[in-house]
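# An overview of the molecular structure
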Amino acid sequence: MGPLTEVPALVRIENEHWIFERIEASTLHELTHRLVVQTSDGEEVLGVTEDLSTALEVARCMAANDNQVVLIQAL
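Attention in this report is confined to the structure presented alongside it. Just so we're clear, the structure is a prediction, and the values are computed from it rather than from any experiment.

### Let's talk about the pattern of salt bridges
- Under the criterion given, the structure shown has one salt bridge.
- As a salt-bridge pair, Glu-57 and Arg-60 come within 2.5 Å of each other at their nearest N and O atoms. One end of the pair is Glu-57 and the other is Arg-60, both in helix H2 (residues 52-66) and three residues apart, which spans about a single turn.
- What makes Glu-57 partly exposed here is its relative accessible area of 25%.

Pasting the structure below:
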C-alpha cells in the first residue's frame, strides 16, 4: 500500500495521563486525500494519505478484504 509516513498523534496516553501534542503545519500540507467509510452512525474518517495511488490501494484492499466501499475525498 505504499510506504508508511509517520503522522504524530494529537493525543497520547502515558502513565495514565493524557499528553496533548501538536502536528507541524508542513506535515498537514503533505496530506492530499481523506478515506471515509459509511457506518450505521454516519461517516467515519479512516485516515489521510499523501497521494492518490496510496488512497486507491487502501480502498482496493478494504473492498477486497472487508467488503467495504471507501470514499476518497481530495483535501
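Having seen the structure, we can now continue with the description.
### Overview of the sheet that holds strand E5 (residues 70-74)
- Pairing is antiparallel across the open sheet formed by three strands, whose spatial order is E4-E3-E5. On the outer flanks of this sheet lie strand E4 (42-49) and E5, each paired with one strand and no other. Strand-to-strand, the axes of this sheet are offset by a mean angle of 30°, without reference to chain direction.
- Bridge count for strand E3 (residues 33-39) against E4 is seven bridges, and the pairing is antiparallel. Across the sheet, the residue bridging to Thr-39 is Gly-42, located in E4.
- Docked against the sheet, H2 engages E3, E4 and E5, running at close to 170° with respect to E5.

Quick notes on the rules
- Residues numbered from 1 in each chain as written.
- Predicted model: local features only at pLDDT ≥ 70, side-chain atom pairs only at ≥ 80, totals over all residues.
- Heavy atoms only, no water.
- Salt bridge = Lys/Arg side-chain N within 4 Å of Asp/Glu carboxyl O.
- Helix = DSSP H or I, 4+ residues; strand = E, 2+ residues; numbered from the N terminus.
- Buried < 20%, exposed > 50% of the residue type's maximum accessible area, 1.4 Å probe, protein only.
- Pairing = 2+ DSSP bridges.
- Axes fitted to C-alpha atoms, helices over the stretch in contact; angles between N-to-C directions.
- Contact = heavy atoms within 4.5 Å.

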